[in-house]
Amino acid sequence: MGQAPVVYGQSDRPPRGDYSRAQEDYTCAQNYAAYTEADHDTYRRLYARQKALLPGLASQAFIDALPSLGVEDRIPRFEDINQRLRQATGWEIVAVPGLIPEVPFFSLLANRKFPVTDWIRKPEEFDYVVEPDIFHDLFGHVPLLFNPVIADYVQRYGQGGLKAERLGACEMLSRLYWYTIEFGLIREQGEIRAYGAGILSSSGELLHSVTSPLPQRLPLSLERTMRTRYKIDSYQQTYFVIDDFQQLFDMTEGDFTPVYAALRGLPELAADAPD
(Lines give C-alpha, C1' and ligand atoms only; values in the text may rest on other atoms or scores of the structure.)
Protein backbone atom coordinates (compact mmCIF):
# COMPACT_ATOMS: atom_id res chain seq x y z
CA MET A 1 0.00 0.00 0.00
CA GLY A 2 2.08 2.90 -1.25
CA GLN A 3 -0.62 5.56 -1.33
CA ALA A 4 -1.65 7.75 1.56
CA PRO A 5 -5.25 8.82 2.11
CA VAL A 6 -6.15 12.03 0.32
CA VAL A 7 -8.13 14.72 2.12
CA TYR A 8 -9.26 17.69 0.04
CA GLY A 9 -10.98 19.52 2.88
CA GLN A 10 -8.96 21.62 5.29
CA SER A 11 -7.89 20.16 8.63
CA ASP A 12 -4.88 20.31 10.90
CA ARG A 13 -5.07 16.64 11.96
CA PRO A 14 -3.62 13.69 10.02
CA PRO A 15 -5.82 10.63 9.42
CA ARG A 16 -5.68 7.98 12.11
CA GLY A 17 -6.18 4.23 12.05
CA ASP A 18 -4.06 1.06 12.08
CA TYR A 19 -3.26 0.60 8.40
CA SER A 20 -0.96 -2.33 9.11
CA ARG A 21 -4.11 -4.46 9.34
CA ALA A 22 -5.24 -3.59 5.82
CA GLN A 23 -5.03 -5.74 2.72
CA GLU A 24 -3.98 -4.44 -0.70
CA ASP A 25 -7.46 -2.99 -1.30
CA TYR A 26 -7.34 -1.35 2.17
CA THR A 27 -10.08 -3.58 3.57
CA CYS A 28 -9.58 -5.50 6.79
CA ALA A 29 -11.53 -7.81 9.05
CA GLN A 30 -13.88 -6.25 11.58
CA ASN A 31 -12.11 -7.16 14.80
CA TYR A 32 -15.32 -7.46 16.78
CA ALA A 33 -13.67 -8.95 19.84
CA ALA A 34 -11.56 -5.79 20.22
CA TYR A 35 -14.56 -3.61 21.05
CA THR A 36 -14.85 -2.92 24.76
CA GLU A 37 -18.06 -2.47 26.70
CA ALA A 38 -17.21 1.23 26.77
CA ASP A 39 -17.08 1.18 22.95
CA HIS A 40 -20.49 -0.46 22.75
CA ASP A 41 -21.85 2.04 25.25
CA THR A 42 -20.52 4.95 23.18
CA TYR A 43 -22.28 3.53 20.10
CA ARG A 44 -25.51 2.98 22.04
CA ARG A 45 -25.55 6.54 23.39
CA LEU A 46 -24.69 8.06 20.00
CA TYR A 47 -27.42 6.03 18.30
CA ALA A 48 -30.06 6.96 20.90
CA ARG A 49 -29.20 10.66 20.71
CA GLN A 50 -29.26 10.85 16.94
CA LYS A 51 -32.40 8.75 16.55
CA ALA A 52 -34.28 11.06 18.89
CA LEU A 53 -33.30 14.10 16.80
CA LEU A 54 -34.36 12.73 13.41
CA PRO A 55 -38.11 13.54 13.30
CA GLY A 56 -38.68 16.83 11.51
CA LEU A 57 -35.03 17.14 10.51
CA ALA A 58 -34.04 13.98 8.61
CA SER A 59 -35.34 12.67 5.31
CA GLN A 60 -38.24 10.30 5.82
CA ALA A 61 -36.51 7.83 3.51
CA PHE A 62 -33.61 7.72 5.95
CA ILE A 63 -35.87 7.35 8.99
CA ASP A 64 -37.70 4.48 7.31
CA ALA A 65 -34.43 2.71 6.44
CA LEU A 66 -32.68 3.14 9.80
CA PRO A 67 -34.10 -0.04 11.41
CA SER A 68 -32.27 -2.04 8.73
CA LEU A 69 -29.06 -1.50 10.71
CA GLY A 70 -30.37 -3.92 13.33
CA VAL A 71 -29.19 -3.70 16.93
CA GLU A 72 -29.16 -0.28 18.56
CA ASP A 73 -27.58 -1.03 21.92
CA ARG A 74 -24.18 -2.17 20.70
CA ILE A 75 -21.91 -2.04 17.65
CA PRO A 76 -23.43 -4.26 14.95
CA ARG A 77 -21.56 -7.06 13.26
CA PHE A 78 -20.96 -6.25 9.63
CA GLU A 79 -21.93 -9.73 8.48
CA ASP A 80 -25.37 -9.33 10.07
CA ILE A 81 -26.00 -6.07 8.21
CA ASN A 82 -24.70 -7.58 4.98
CA GLN A 83 -27.24 -10.39 5.05
CA ARG A 84 -30.00 -7.77 4.80
CA LEU A 85 -28.15 -5.30 2.58
CA ARG A 86 -27.18 -7.80 -0.11
CA GLN A 87 -30.78 -8.92 -0.36
CA ALA A 88 -32.08 -5.35 -0.57
CA THR A 89 -29.73 -3.74 -3.10
CA GLY A 90 -26.78 -6.06 -3.76
CA TRP A 91 -24.42 -3.93 -1.66
CA GLU A 92 -22.21 -4.99 1.22
CA ILE A 93 -20.15 -3.12 3.78
CA VAL A 94 -16.45 -3.84 4.26
CA ALA A 95 -14.21 -2.81 7.14
CA VAL A 96 -11.35 -0.34 6.60
CA PRO A 97 -8.90 1.16 9.12
CA GLY A 98 -9.88 4.75 8.31
CA LEU A 99 -9.67 7.11 5.36
CA ILE A 100 -8.37 5.35 2.26
CA PRO A 101 -6.87 6.60 -1.03
CA GLU A 102 -9.04 7.59 -3.95
CA VAL A 103 -8.59 4.65 -6.31
CA PRO A 104 -9.28 1.92 -3.72
CA PHE A 105 -12.24 3.95 -2.46
CA PHE A 106 -13.72 4.41 -5.93
CA SER A 107 -13.05 0.77 -6.81
CA LEU A 108 -14.93 -0.47 -3.77
CA LEU A 109 -17.93 1.75 -4.52
CA ALA A 110 -17.93 0.74 -8.18
CA ASN A 111 -18.24 -2.86 -7.02
CA ARG A 112 -21.07 -2.08 -4.56
CA LYS A 113 -18.84 -2.38 -1.50
CA PHE A 114 -19.04 0.45 1.00
CA PRO A 115 -15.97 1.01 3.22
CA VAL A 116 -16.82 1.42 6.91
CA THR A 117 -14.19 2.54 9.41
CA ASP A 118 -14.15 -0.07 12.15
CA TRP A 119 -12.91 1.98 15.10
CA ILE A 120 -15.15 4.16 17.27
CA ARG A 121 -14.46 7.57 18.72
CA LYS A 122 -13.22 8.08 22.27
CA PRO A 123 -15.63 9.31 24.97
CA GLU A 124 -14.04 12.76 24.88
CA GLU A 125 -14.92 12.93 21.16
CA PHE A 126 -18.55 12.05 21.78
CA ASP A 127 -19.91 15.31 20.37
CA TYR A 128 -17.49 15.71 17.47
CA VAL A 129 -14.88 13.65 15.65
CA VAL A 130 -13.01 14.91 12.58
CA GLU A 131 -12.44 11.55 10.89
CA PRO A 132 -15.28 9.23 10.00
CA ASP A 133 -15.62 6.52 12.65
CA ILE A 134 -17.84 3.45 12.72
CA PHE A 135 -20.83 5.38 14.04
CA HIS A 136 -20.60 8.01 11.31
CA ASP A 137 -20.26 5.40 8.59
CA LEU A 138 -22.90 2.97 9.84
CA PHE A 139 -25.55 5.37 11.10
CA GLY A 140 -24.95 8.09 8.53
CA HIS A 141 -24.28 6.17 5.30
CA VAL A 142 -25.55 2.63 5.43
CA PRO A 143 -29.33 3.08 5.89
CA LEU A 144 -29.74 4.82 2.54
CA LEU A 145 -27.75 2.05 0.81
CA PHE A 146 -30.97 0.09 1.34
CA ASN A 147 -32.64 2.65 -0.99
CA PRO A 148 -32.31 1.40 -4.60
CA VAL A 149 -31.87 4.88 -6.13
CA ILE A 150 -29.17 5.98 -3.66
CA ALA A 151 -27.51 2.57 -3.95
CA ASP A 152 -27.21 3.00 -7.70
CA TYR A 153 -26.07 6.61 -7.35
CA VAL A 154 -23.20 5.68 -5.02
CA GLN A 155 -22.06 2.94 -7.37
CA ARG A 156 -22.19 5.35 -10.30
CA TYR A 157 -20.15 7.81 -8.26
CA GLY A 158 -17.48 5.16 -7.75
CA GLN A 159 -17.38 4.40 -11.45
CA GLY A 160 -17.14 8.12 -12.21
CA GLY A 161 -14.39 8.47 -9.64
CA LEU A 162 -12.16 5.97 -11.41
CA LYS A 163 -12.57 7.98 -14.59
CA ALA A 164 -11.99 11.29 -12.77
CA GLU A 165 -8.72 9.92 -11.39
CA ARG A 166 -7.49 9.27 -14.92
CA LEU A 167 -8.54 12.80 -15.91
CA GLY A 168 -6.98 14.50 -12.88
CA ALA A 169 -10.38 15.70 -11.72
CA CYS A 170 -10.78 13.94 -8.37
CA GLU A 171 -10.90 17.13 -6.35
CA MET A 172 -13.83 18.46 -8.36
CA LEU A 173 -15.68 15.17 -8.06
CA SER A 174 -14.94 14.93 -4.34
CA ARG A 175 -16.92 18.10 -3.83
CA LEU A 176 -19.98 16.50 -5.39
CA TYR A 177 -19.71 13.64 -2.89
CA TRP A 178 -19.19 16.04 -0.03
CA TYR A 179 -22.19 18.22 -0.83
CA THR A 180 -24.53 15.30 -1.61
CA ILE A 181 -23.71 12.02 0.12
CA GLU A 182 -22.04 13.70 3.11
CA PHE A 183 -23.86 17.02 3.52
CA GLY A 184 -26.86 16.96 1.20
CA LEU A 185 -30.31 18.38 1.92
CA ILE A 186 -33.56 17.33 0.26
CA ARG A 187 -36.94 19.02 -0.07
CA GLU A 188 -39.75 16.78 1.14
CA GLN A 189 -43.35 18.02 1.04
CA GLY A 190 -42.08 21.57 0.86
CA GLU A 191 -39.76 21.24 3.88
CA ILE A 192 -35.97 21.03 4.04
CA ARG A 193 -34.68 17.74 5.43
CA ALA A 194 -31.20 16.19 5.72
CA TYR A 195 -30.00 13.06 3.94
CA GLY A 196 -26.20 13.52 4.05
CA ALA A 197 -24.30 11.21 6.38
CA GLY A 198 -22.13 13.97 7.84
CA ILE A 199 -25.28 15.79 8.92
CA LEU A 200 -27.27 12.77 10.10
CA SER A 201 -24.47 11.51 12.35
CA SER A 202 -23.91 14.93 14.00
CA SER A 203 -26.33 16.31 16.57
CA GLY A 204 -25.13 19.87 16.12
CA GLU A 205 -24.98 19.92 12.32
CA LEU A 206 -28.39 18.26 11.98
CA LEU A 207 -30.00 21.23 13.69
CA HIS A 208 -27.69 23.74 12.03
CA SER A 209 -28.22 22.51 8.48
CA VAL A 210 -32.02 22.44 8.62
CA THR A 211 -32.99 25.21 11.04
CA SER A 212 -30.17 27.77 11.32
CA PRO A 213 -30.51 31.08 9.43
CA LEU A 214 -26.71 31.27 9.02
CA PRO A 215 -25.84 28.90 6.14
CA GLN A 216 -27.03 29.41 2.60
CA ARG A 217 -29.06 26.65 0.98
CA LEU A 218 -28.82 26.52 -2.81
CA PRO A 219 -30.43 24.29 -5.42
CA LEU A 220 -27.98 21.57 -6.37
CA SER A 221 -25.99 22.50 -9.46
CA LEU A 222 -23.26 20.22 -10.76
CA GLU A 223 -20.96 23.04 -11.85
CA ARG A 224 -21.51 25.18 -8.74
CA THR A 225 -20.93 22.24 -6.44
CA MET A 226 -17.72 21.14 -8.16
CA ARG A 227 -16.28 24.65 -7.86
CA THR A 228 -17.10 25.10 -4.16
CA ARG A 229 -14.44 24.33 -1.54
CA TYR A 230 -15.39 22.92 1.85
CA LYS A 231 -14.02 22.45 5.35
CA ILE A 232 -14.01 19.15 7.18
CA ASP A 233 -13.72 20.44 10.74
CA SER A 234 -16.57 22.98 11.06
CA TYR A 235 -20.23 23.26 10.15
CA GLN A 236 -20.89 23.87 6.48
CA GLN A 237 -21.53 27.42 5.31
CA THR A 238 -23.29 26.29 2.13
CA TYR A 239 -25.64 23.36 1.55
CA PHE A 240 -27.11 22.16 -1.73
CA VAL A 241 -30.72 21.03 -1.91
CA ILE A 242 -32.23 18.35 -4.17
CA ASP A 243 -35.91 17.76 -4.95
CA ASP A 244 -35.66 13.95 -4.86
CA PHE A 245 -33.07 11.18 -4.99
CA GLN A 246 -33.73 10.50 -8.66
CA GLN A 247 -32.27 13.94 -9.37
CA LEU A 248 -28.91 12.73 -8.05
CA PHE A 249 -28.93 9.64 -10.22
CA ASP A 250 -29.96 11.55 -13.33
CA MET A 251 -27.28 14.18 -12.73
CA THR A 252 -24.53 11.58 -12.90
CA GLU A 253 -25.80 9.93 -16.07
CA GLY A 254 -23.79 12.02 -18.51
CA ASP A 255 -20.09 12.23 -19.27
CA PHE A 256 -18.34 14.65 -16.89
CA THR A 257 -15.31 15.10 -19.17
CA PRO A 258 -16.56 18.35 -20.77
CA VAL A 259 -17.71 19.60 -17.37
CA TYR A 260 -14.23 19.14 -15.91
CA ALA A 261 -12.70 20.88 -18.91
CA ALA A 262 -15.02 23.87 -18.56
CA LEU A 263 -14.48 24.18 -14.81
CA ARG A 264 -10.69 24.20 -15.13
CA GLY A 265 -11.04 27.63 -16.72
CA LEU A 266 -13.08 29.02 -13.82
CA PRO A 267 -11.95 30.12 -10.36
CA GLU A 268 -12.75 28.00 -7.33
CA LEU A 269 -15.34 29.33 -4.89
CA ALA A 270 -14.97 29.71 -1.15
CA ALA A 271 -17.20 27.61 1.07
CA ASP A 272 -19.25 30.70 1.93
CA ALA A 273 -19.24 32.29 -1.52
CA PRO A 274 -22.65 33.90 -2.25
CA ASP A 275 -24.73 32.48 -5.05
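Presented here is a report on the structure given in the accompanying data block. (Residues numbered from 1 in each chain as written. Predicted model: local features only at pLDDT ≥ 70, side-chain atom pairs only at ≥ 80, totals over all residues. Heavy atoms only, no water.)

1. A few points about empty space enclosed by the protein
With the rule as written, the count across this model stands at one cavity of 30 Å³ or more. Size it by volume and the largest cavity reaches roughly 70 Å³. As for the largest cavity, its lining consists of Phe114, Gly140, His141, Leu144, Leu145, Ile150, Val154, Ile181, Tyr195 and Ala197. Of all the elements in the fold, those that place two or more residues in the lining of the largest cavity are helix H5 (134–141) and helix H6 (148–167). Taken together, the residues of the lining of the largest cavity sort by class into eight nonpolar, two polar and no charged. (1 Å grid on protein atoms, 1.4 Å probe; cavity = no way out; pocket = protein on both sides within 12 Å on 5 of 7 lines; lining within 4 Å. Points joined across faces, edges and corners; volume = space filled by probe spheres on them. Helix = DSSP H or I, 4+ residues; strand = E, 2+ residues; numbered from the N terminus. Nonpolar A, V, L, I, M, F, W, Y, C, P; charged D, E, K, R; others polar.)

2. Concerning the nonpolar core
By size, the foremost hydrophobic cluster in this structure holds 85 residues, and its most contacted members are Ile93, Phe114, Leu138, Val142, Val154 and Met226. Once residues lying within four places of it in the same chain are set aside, the contact partners of Val142 are Leu69, Ile81, Leu85, Ile93, Val116 and Asp137. (Core = buried A, V, L, I, M, F, W, Y, C linked by side-chain atoms within 4.5 Å. Buried < 20%, exposed > 50% of the residue type's maximum accessible area, 1.4 Å probe, protein only. Contact = heavy atoms within 4.5 Å.)

3. Looking at the packing of aromatic side chains
Considering all chains together, one arrives at 16 aromatic pairs under this definition. When the ring of Trp178 is compared with that of Phe183, the centres are 4.7 Å apart and the planes differ by 40°; the resulting orientation is tilted. Relative accessible area serves as the criterion here: at 12%, Trp178 is assigned to the buried category. The class of Phe183 is buried, set by a relative accessible area of 7%. With 6.2 Å between their ring centres and 90° between their planes, Tyr179 and Tyr230 make a pair best called edge-to-face. Taken together, the positions of Tyr179 in helix H7 (residues 170–182) and Tyr230 in the loop between helix H10 (222–227) and strand E6 (238–242) put the pair 51 residues apart, joining distant regions of the chain. We note that Tyr179, like Tyr230, is buried. Three or more aromatic residues joined by ring pairs form one cluster here, namely Tyr43, Tyr47, Phe62, Phe135 and Phe139. Taking NZ or CZ as reference, Arg77 lies 3.9 Å from the ring centre of Tyr32, over its face. (Phe/Tyr/Trp six-rings, centres within 6.5 Å; stacked < 30°, edge-to-face > 60°. Lys NZ or Arg CZ within 6 Å of the ring centre and 35° of its normal.)

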